Amino acid sequence: MSLAALALGAGVAAGPAHAAGATAVARGADFGACPALSALPEGADPAAWRCEAMTAVGHLTLGRIDQSLGRAAMAITFAEGTVNGEFRQVFGGMTAVPVRVRGASLAITPRYAGYFDFQSNDERRGELDLTFRLSGPAVPSGCSIGTDADPIRLVLKETEASTVVSQEPLVVAFGVADNRFAAPGTSGCGRLGPVLDRVLRLPSPAGGNSLGLDARVSFRSYGSTAEISR
């Protein structure tokens, strides 16, 4: 089941739990990173496709790192719909705010690593590959935890059921988390690599890391929106 189906289907009720700030989130939804119509699969009917703009805040535990990701730390945009009855998705873009690591002259930034699947089922809410860029004094630009070739794959499970917080435009809030992934040591950090691994206590085995997100998703149809019909 897709995010759109969860949002629009029976059993997803509006409620006050996520009402505060819903209007601001809806206004701030960045549909500019939506995949263009030309990027949708061949045979896709725009009326059956929508762009989803997700923003999320949360908490990250990764080795020694244990802290909030800050306000509006992540934003992900993608398209979903059907072609000949088959569910399909197209990634748009991801941005994230660097977060200062407490007790170290470092910042950490989540980055998209080339794979996502936000079609929900009974086992998980979605999957997402991430790397975590490290930056700071003398830290090489390519320094990260995880790489595009060997990323951290999150298998996100629902922690808070979907709630419709706005009908016009449609905005849905929910919670997800993964606390079962392992974190590798640093890569691309040159001579600082062993030092960073020691300071950040990496690699960190499964069970010692977690990412919890409080997410909001805004929806926009391709069939009625000029901004994403380019």
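Note that the structure is a prediction, hence the values are computed from the model and not measured.

A.B. asks: If you had to explain the pattern of salt bridges to someone new, which residues and values would you point to?
C.D. replies: Taken as a whole, this structure holds four salt bridges when the rule is applied. R125 is the partner of E158 in a salt bridge, and the nearest nitrogen-oxygen pair spans 2.8 Å. On the criterion of sequence distance, the pair formed by E158 in strand β9 (residues 152-167) and R125 in the loop between β6 (107-117) and β7 (126-135) is long-range, its members being 33 residues apart. The structure contains a network of salt bridges with shared partners spanning D117, R124 and E127.

A.B. asks: Can you explain the packing of aromatic side chains? Please cite residues and give values.
C.D. replies: As enumerated under the stated definition, the model contains five aromatic pairs in all. Centroid distance F116 to F118: 5.3 Å. Interplanar angle 65 degrees. Geometry classified as edge-to-face. By relative accessible area, F116 is classed as buried at 11%. Judged by its relative accessible area of 5%, F118 falls in the buried class.

A.B. asks: Give a detailed account of helix α3 (residues 193-200), specifying residues and quantitative values.
C.D. replies: Along α3, the residues classified as buried are G193, L196, D197 and L200. In a view along the axis of α3, the buried residues occupy a sector of 100 degrees, so they form one face of it. Pointing more than 90 degrees away from the buried face of α3 are the exposed residues P194 and R198. Packing partners of the buried residues in α3 comprise β1 (50-62), β2 (65-68), β7, β8 (144-145) and β11 (186-187). Just downstream of α3 lies R201, where phi reads positive at about 60 degrees.

A.B. asks: Requested: an account of the pairing of strand β10 (residues 170-178), with residues and values cited.
C.D. replies: Within β10, eight of the nine residues are buried, which leaves the element mostly enclosed by the surrounding structure. Note: β9 against β10, seven bridges, orientation antiparallel. Following the sheet pairing, V164 is matched in β10 by V172. Taken together, the eight bridges between β10 and strand β12 (residues 210-221) define a ladder with antiparallel strand orientation. Of the residues in β12, the one forming a bridge with D178 is L211.

Conventions and cut-offs
Residues numbered from 1 in each chain as written. Predicted model: local features only at pLDDT ≥ 70, side-chain atom pairs only at ≥ 80, totals over all residues. Heavy atoms only, no water. Salt bridge = Lys/Arg side-chain N within 4 Å of Asp/Glu carboxyl O. Helix = DSSP H or I, 4+ residues; strand = E, 2+ residues; numbered from the N terminus. Phe/Tyr/Trp six-rings, centres within 6.5 Å; stacked < 30°, edge-to-face > 60°. Buried < 20%, exposed > 50% of the residue type's maximum accessible area, 1.4 Å probe, protein only. Arc of directions from axis to C-beta. Contact = heavy atoms within 4.5 Å. Pairing = 2+ DSSP bridges.

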